[in-house]
Amino acid sequence: MKPHIASLINAILLIVLSLWAYLTSGSPSMTSLIPTIVGVVLLALNGGLKNQNKVASHIVVALTFLIIIGLIRPLIGVLDRNDAIGIFRVGLMILSSVFALITFVNSFIKARRG
């Protein structure tokens, strides 16, 4: 899969799933919108990623890595609450971000080999 496609899918999932969590929560927290913000930034950078802009590519990789790290605590929270839907949402955001990150790394390795 091409990196810009993986990033697009990841961005859309981050936006949709975090908005779902925010809008359906009994006590919504602004921090649950962080993946939405990251997803919007990833969408904005997708054109640069598609055009193989190195700066955009590195920003996308860094944001994707940071969102994976940032989603660990929410995952622990939903696991502690035994919230199946929350586990699904956060787990899917982590999985899509990890998949995108692997796609980026493979693309960088392929580009280095020429």
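Thresholds applied
Residue numbers here run from 1 along each chain, matching the order of that chain's written sequence. Restriction of local features to residues with pLDDT of at least 70 applies here, the model being predicted, together with a cutoff of 80 or more for giving and counting side-chain atom pairs; totals for whole chains, interfaces and linings are based on all residues. To obtain the side-chain values, all non-hydrogen atoms of the structure were included, while hydrogens and water were left out. Numbered from the N terminus, helices here are DSSP runs of H or I no shorter than four residues, and strands are runs of E no shorter than two. Note on definitions: a residue-residue contact is assigned when non-hydrogen atoms from the two residues lie within 4.5 Å. Pairing of aromatic rings covers Phe, Tyr and Trp, the last counted by its six-membered ring, and requires centre-to-centre distances within 6.5 Å; plane angles under 30 degrees mean stacked, over 60 mean edge-to-face, and any other angle means tilted. Counted as over-ring charges are cases with an Arg CZ or a Lys NZ within 6 Å of the ring centre that also lie within 35 degrees of the ring normal. By definition here, a helix of n residues has an expected span of 1.5 Å times n minus one. Burial classification: accessible surface area is computed with a 1.4 Å probe over protein chains only, and a residue below 20% of its type maximum counts as buried, one above 50% as exposed, and the rest as partly exposed.

**Digging into the environment of Gly48**
Tracing the chain through its elements places Gly48 in helix H2 (residues 34–50). Distance in space between the C-alpha atoms of Gly48 and Ile87 is 32 Å, their sequence separation being 39 residues. Leaving out residues up to four positions away in the same chain, Gly48 has contacts with Asn53 and Ala56.

**A short note on the packing of aromatic side chains**
Considering all chains together, one arrives at one aromatic pair under this definition. Cation over ring: Arg89 sits above Trp20, and NZ or CZ is 4.8 Å from the ring centre.

**A closer look at helix H5 (residues 84–113)**
Under the 1.5 Å per step criterion, the end-to-end length of H5 is 43 Å for 30 residues, consistent within 8% with the ideal 44 Å. The set of residues buried in H5 consists of Gly86, Arg89, Val90, Gly91, Met93, Ile94, Ser96, Ser97, Ala100, Leu101, Thr103 and Phe104. In this structure, the buried residues of H5 make contact with helix H1 (3–24), H2, helix H3 (54–70) and helix H4 (72–81).

**Some words on the environment of His4**
Mapped onto the elements, His4 comes out in helix H1. Judged by its relative accessible area of 13%, His4 is buried. Each C-alpha atom of the pair His4 and Ile68 lies 18 Å from the other, and the pair is 64 residues apart in sequence. Among residues more than four places away in sequence, those in contact with His4 are Asn46, Leu49 and Lys50.

**Let's talk about unusual backbone geometry**
Within the chain, Gln52 stands out as a residue other than glycine whose phi angle is a positive 60°. Within the secondary structure, Gln52 sits in the loop between H2 and H3. Assessed through its relative accessible area of 67%, Gln52 is described here as exposed. One non-glycine residue, Asn82, adopts positive backbone phi at about 55°.

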